[in-house]
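Here is how the chains run, residue by residue.
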Amino acid sequence: MQKRLYRSRTDRMIAGVCGGIGEYFGIDPTVVRLAAVLLAMAGGPGLLLYIILAVIIPEEPVGYEKPKNEPHE
């Protein structure tokens, strides 16, 4: 099964972007959220980037089975 980037339906605060990125890379979505907030508050493109990603990343399909994270060798 191919690994795809989706906005999360279950782990979401606003649009599921940070939850989806966290699931895709196998990291805690809280870390992704923190990075997005820091980028936005530091005058960076955090808010604009989040809005763009919310528009272009498709939402996770209903019944989508997430592939298991395989250990890196």
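Everything numeric here is computed off the predicted structure, so don't read it as measured data.

Description of the overall build of the chain
What the chain contains, in helices and strands, is three helices and zero strands. Listing each helix as α and each strand as β along the chain from the N terminus yields α-α-α. Per-residue burial for the chain yields a buried fraction of 25% across its 73 residues. Across the chain, every contact between residues at least 6 apart in sequence was considered, and the portion connecting residues at least 24 apart equals 53%. Approximately 5500 Å² of the chain is accessible, and the part contributed by carbon and sulfur atoms is 64%.

Things to note about the side chain of Arg7
One can find Arg7 in the segment before α1 (17–25). Here Arg7 sits buried without a salt bridge, and the closest side chain of opposite charge, Glu59, lies 4.6 Å off (N-O distance). Discounting chain neighbours no more than four positions away, the residues touching Arg7 are Arg12, Ala15, Gly16, Val17, Leu53, Ala54, Ile57, Pro58, Glu59 and Glu60.

A word on α1
Among the residues of α1, Val17, Cys18, Gly19, Gly20, Ile21 and Gly22 are the ones counted as buried. Considering only its buried residues, α1 is in contact with α2 (29–41) and α3 (46–56). Of the residues flanking the end of α1, it is Gly26, one or two places downstream, whose phi is positive at about 70°.

Some points on the packing of aromatic side chains
Taken as a whole, this structure holds one aromatic pair when the rule is applied. Look at Tyr24 and Phe25: their rings are 5.0 Å apart centre to centre, the planes differ by 90°, and that puts the pair in the edge-to-face class.

Re the nonpolar core
Grouped together as the largest cluster of nonpolar side chains are seven residues: Ala15, Val17, Cys18, Ile21, Val32, Tyr50 and Ile57. Excluding its chain neighbours within four sequence positions, the residues that come into contact with Val17 are Arg7, Tyr50, Leu53, Ala54 and Ile57.

Structural notes on the confidence of the model for the chain
Residues with a pLDDT of 70 or more make up 86% of the chain, whose mean pLDDT is 84. Within the chain, the lowest mean pLDDT, 89, falls on α3, and the highest, 92, falls on α1.

Scoring rules and cut-offs
- Residues numbered from 1 in each chain as written.
- Predicted model: local features only at pLDDT ≥ 70, side-chain atom pairs only at ≥ 80, totals over all residues.
- Heavy atoms only, no water.
- Helix = DSSP H or I, 4+ residues; strand = E, 2+ residues; numbered from the N terminus.
- Buried < 20%, exposed > 50% of the residue type's maximum accessible area, 1.4 Å probe, protein only.
- Contact = heavy atoms within 4.5 Å.
- Areas by Shrake-Rupley, 256 points an atom, 1.4 Å probe, with all protein chains shown as cover.
- Lys, Arg positive; Asp, Glu negative; His and termini not counted.
- Salt bridge = Lys/Arg side-chain N within 4 Å of Asp/Glu carboxyl O.
- Phe/Tyr/Trp six-rings, centres within 6.5 Å; stacked < 30°, edge-to-face > 60°.
- Core = buried A, V, L, I, M, F, W, Y, C linked by side-chain atoms within 4.5 Å.
- pLDDT = per-residue confidence, 0-100.

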